[in-house]
Amino acid sequence: MTPKALLAAAAATAMLLALPAKAAELTIGFSQIGSESGWRAAETSVSKQEAAKRKVNLKIADAQQKQENQIKAIRSFIAQNVDAIFLAPVVSTGWDAVLKEAKEAKIPVVLLDRDIDPSGKDLYLTAVTSDSVHEGAVAGEWLAKTVGGKACNIVELQGTVGASVATNRKKGFDTAIAKHANLKVVRSQTGDFTRAKGKEVMESFIKAEGGGKSICAVYAHNDDMMVGAIQAMKEAGLKPGKEILTVSIDAVPDIFKAMAAGEANATVELTPNMAGPALDAIAAFKEKGTVPPKWIQTESKLYTAADDPQKIYDSKKGLGY
Ligand code: AHR
């Protein structure tokens, strides 16, 4: 090789090394909350599929619902010098210190499906979430429309205390029903987004409300708690979906199964594909320096029994829920 050719080859190699990482070369750490719901299980499996499609090495750490485990996982991802960190924050506060460490290490953080307090806005690159206030509002408006002018006592199953989605879904629902004096939330308690807790809390609501006869509707911050509540109502001899209206959030296959059986009425869909848009945003950021918008919003769609629930169940049941 001539000296000129040698120089050209060396320059080409140097250029290649200087090029930012391609998606296929990325290693991303994902601090996942746990597996509290069918939706969460689907989010984890869809994240793996989306990463595999893009040949990204996605390391998932399951925090088993504990913020301290999430903080440990983030520190370990920083120590491994990953290319980016995805975080589904179990609660909205207490992230500043660890996210500052990620920022100092120049590792971009993307929030998935839940938000953190506004004080932490500078500490992450983007958040891929739905508008959870809107989800609550959609649920409240559907209920107001369905009930009409009739007096309606509602019981509410809240999500995990301190989670952005629980705070926001409550806020959106409360604001929507505040316009209707005939609608009133008579009991509200956390069911921690789980089926078992949803059932247990619903049993206590039924007991406290004279065997459930004074309950007109159940609003649950996710479908899993509603599935548990439906079981509790049936065991108490009540007819969910007929005597007691139900509205919840997620659109998991089991709620469509309940709808098809006439035991549930409405759900607001939350896509489990938060990772796809997040992976694309990180790839563009790493490869071209493209800064994504601060919020990548996913769609929230209302489904009712009029939407052929059996067909939706059949189409969703193999998707990792
Ligand atoms: O953050 C999203 C919520 O978390 C889902 O609605 C719920 O099912 C999950 O546990």
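Procedures and definitions
Residues numbered from 1 in each chain as written. Predicted model: local features only at pLDDT ≥ 70, side-chain atom pairs only at ≥ 80, totals over all residues. Heavy atoms only, no water. Salt bridge = Lys/Arg side-chain N within 4 Å of Asp/Glu carboxyl O. Helix = DSSP H or I, 4+ residues; strand = E, 2+ residues; numbered from the N terminus. Buried < 20%, exposed > 50% of the residue type's maximum accessible area, 1.4 Å probe, protein only. Disulfide = S-S within 2.5 Å.

Chemist: What is the right way to read the pattern of salt bridges from this model?
Modeler: Any two side chains of opposite charge can pair if their charged atoms end up close together. Evaluated as defined, the whole model comprises 20 salt bridges. Of the charged contacts, one joins Asp113 and Arg40 as a salt bridge, the two residues approaching to 3.0 Å between their closest N and O atoms. Placement of the pair is Asp113 in the loop between β4 (109-112) and β5 (126-129) and Arg40 in helix α2 (residues 38-53), with a sequence separation of 73 residues. As far as the burial class goes, Asp113 and Arg40 line up, both buried. Between Asp174 and Lys170 there is a salt bridge, and its shortest N-O distance comes to 3.2 Å. In this pair, Asp174 and Lys170 both sit in helix α6 (residues 164-177), four residues apart, roughly one turn of the helix. Judged by its relative accessible area of 30%, Asp174 falls in the partly exposed class.

Chemist: What is the right way to look at the state of the cysteines in this model?
Modeler: When the sulfur atoms of two cysteines share a covalent bond, that bond is a disulfide. One pass over the structure, following the stated rule, counts one disulfide. Disulfide pairing is shown between Cys152 and Cys216; the S-S distance is 1.9 Å. In this structure the cystine formed by Cys152 and Cys216 twists about its S-S bond by roughly -90 degrees; its chirality is therefore left-handed. Taken together, the positions of Cys152 in strand β6 (residues 152-158) and Cys216 in the loop between α7 (195-208) and β8 (217-220) put the pair 64 residues apart, joining distant regions of the chain. Just as Cys152 is buried, Cys216 falls in that class too.

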